[in-house]
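# What the coordinates show
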Amino acid sequence: MKVVRVSRHGGPEVLQVEDAEVPRPGPGQALVRVEAVGLNFIEIYQRTGLYKAPLPFTAGSEAAGSVEAVGPGVTTLRPGDRVVSSNILGAYAEYALAQAERLVPLPDNVTTRQAAAVMLQGTTAQYLTTSTFPLRAGQTCLVHAAAGGVGLLLCQMAARIGARVIGTVSTEEKAALARAAGAQDVILYTTSDFESEVKRLTDGAGVHVVYDSVGRTTFTKSLNCLLPRGMMVLFGQSSGPVEPFELQTLAQKGSLFLTRPTIGHYTATRAELLDRAGQVLGSVASGALAVRIGREFPLAQAEEAQQELEGRRTTGKVLLIP
Ligand SMILES: NC(=O)c1ccc[n+]([C@@H]2O[C@H](COP(=O)([O-])OP(=O)(O)OC[C@H]3O[C@@H](n4cnc5c(N)ncnc54)[C@H](OP(=O)(O)O)[C@@H]3O)[C@@H](O)[C@H]2O)c1
């Protein structure tokens, strides 16, 4: 089978397509025949070495497909079952292993492409809007990179709750997508100052919560966009890591709350994983949640796919198809 491996840290060129043996599932594991791989920013951090992963490794953690075989002790899955997971052990591959307890069954009317496109980013948007900061109708949120993978899903979920969504994006094309996903106001943060725009749009008041996946270039101004006792949710760093931060700033800017959540802690148990993913996949199945697949690349073009994501040229989700 073909896999995409990383043997040294570096640019997209370190992603190498290699031949490998199809692995056998060990105790508690299942072998998945991968039909669609979800591309995520974390794979760029692992490739560059910003996040530590022991070398060499097969890239990727999110995929959907069908169970090919199960290992000893697995009673909840059978060959042929359609599944999705964001905890696949090396998802950029034609076949991949996963712990059976991290695999989520797919509703009949959700395709494996849709599932691979929504599992990680949809579950993220779900926990951010319901648990990290449980948004209520009438509140206002600021969503950075609102036409991105997580961004479009966040806009939809927040709008459905009845919150007002202010989005930021870099281009007019992305602005149109964010508006269609439920953002009432969209700011082009590359050409205008988003802090003063947010103040203008909220009559000087500010927003209840900022969902910030951009990090370095947006963090400080985002704090200035919050109402007193507002919540800064820093959940990513697409523009780079945030500089060391003086905690007293939170007091000065209005007794603010700051959190840096990550999906693992919000889907730690199987019950929580199934609950959150079930809600997301159920919304896709019912048509309540739209999944935008912006681009698809053949698996062998993982290098180009990561270049597009890193280069800010993607909208919604990017998939690799083995
Ligand atoms: N904590 C969690 O649980 C969790 C879960 C999922 C994802 N994340 C994080 O959330 C972030 C977004 O993930 P995603 O997969 O949905 O990606 P994405 O938002 O689809 O792509 C990144 C977007 O960030 C914006 N951006 C701003 N400055 C950038 C820069 N200097 N370089 C590249 N992009 C820049 C771009 O949108 P514009 O062109 O509109 O600016 C770009 O399209 C990533 O940092 C990811 O690691 C965290």
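A brief report on the enclosed structure follows. (Residues numbered from 1 in each chain as written. Predicted model: local features only at pLDDT ≥ 70, side-chain atom pairs only at ≥ 80, totals over all residues. Heavy atoms only, no water.)

## Describing the pairing of strand β12 (residues 207-212)
Test applied: Accessibility here uses a 1.4 Å probe with only protein chains present; expressed as a share of the type maximum, an area under 20% marks a residue as buried, one over 50% as exposed, and anything in between as partly exposed. Secondary structure is summarised from DSSP: a helix means a run of H or I of at least four residues, a strand means a run of E of at least two, and numbering begins at the N terminus for each. The pairing criterion for strands is at least two bridges between them, as found by DSSP.
Judged by how many residues are buried, β12 sits mostly within the fold: five of six residues are covered. As defined by bridge partners, strand β9 (residues 140-143) adjoins β12 across three bridges and the pair is classed as parallel. Bridging across to β12, C141 finds its partner in V209. Across five bridges, β12 lies against strand β13 (residues 226-234) in parallel orientation. Bridge pairing in β13 places D212 opposite L234.

## Considerations on the sheet that holds strand β4 (residues 57-58)
An order of β2-β1-β4 is seen for the three strands of this open sheet, with the pairing classed as antiparallel. Only two strands of the sheet have a single neighbouring strand rather than two, namely β2 (15-19) and β4. Bridge analysis of strand β1 (residues 2-6) against β2 gives five bridges, and the strand direction is antiparallel. When the bridges of β2 are listed, V6 appears paired with L15.

## Points about helix α4 (residues 172-180)
Quick reminder of the rule: Relevant arc is that of directions from the helix axis to the C-beta atoms, nothing else. Any pair of residues with heavy atoms lying within 4.5 Å of one another is described as a contacting pair.
Those residues of α4 that fall on the buried side of the exposure criterion are K174, A175, L177 and A178. Burial along α4 is one-sided: seen end-on, the buried residues are contained in an arc of 165°. Of the exposed residues in α4, those oriented more than 90 degrees away from the buried face are E172, E173 and A180. Tucked inside the fold, the buried residues of α4 contact α3 (149-161), β10 (164-169) and β11 (185-188). The positive-phi residue at the C-terminal boundary of α4 is G182, with phi of around 120°.

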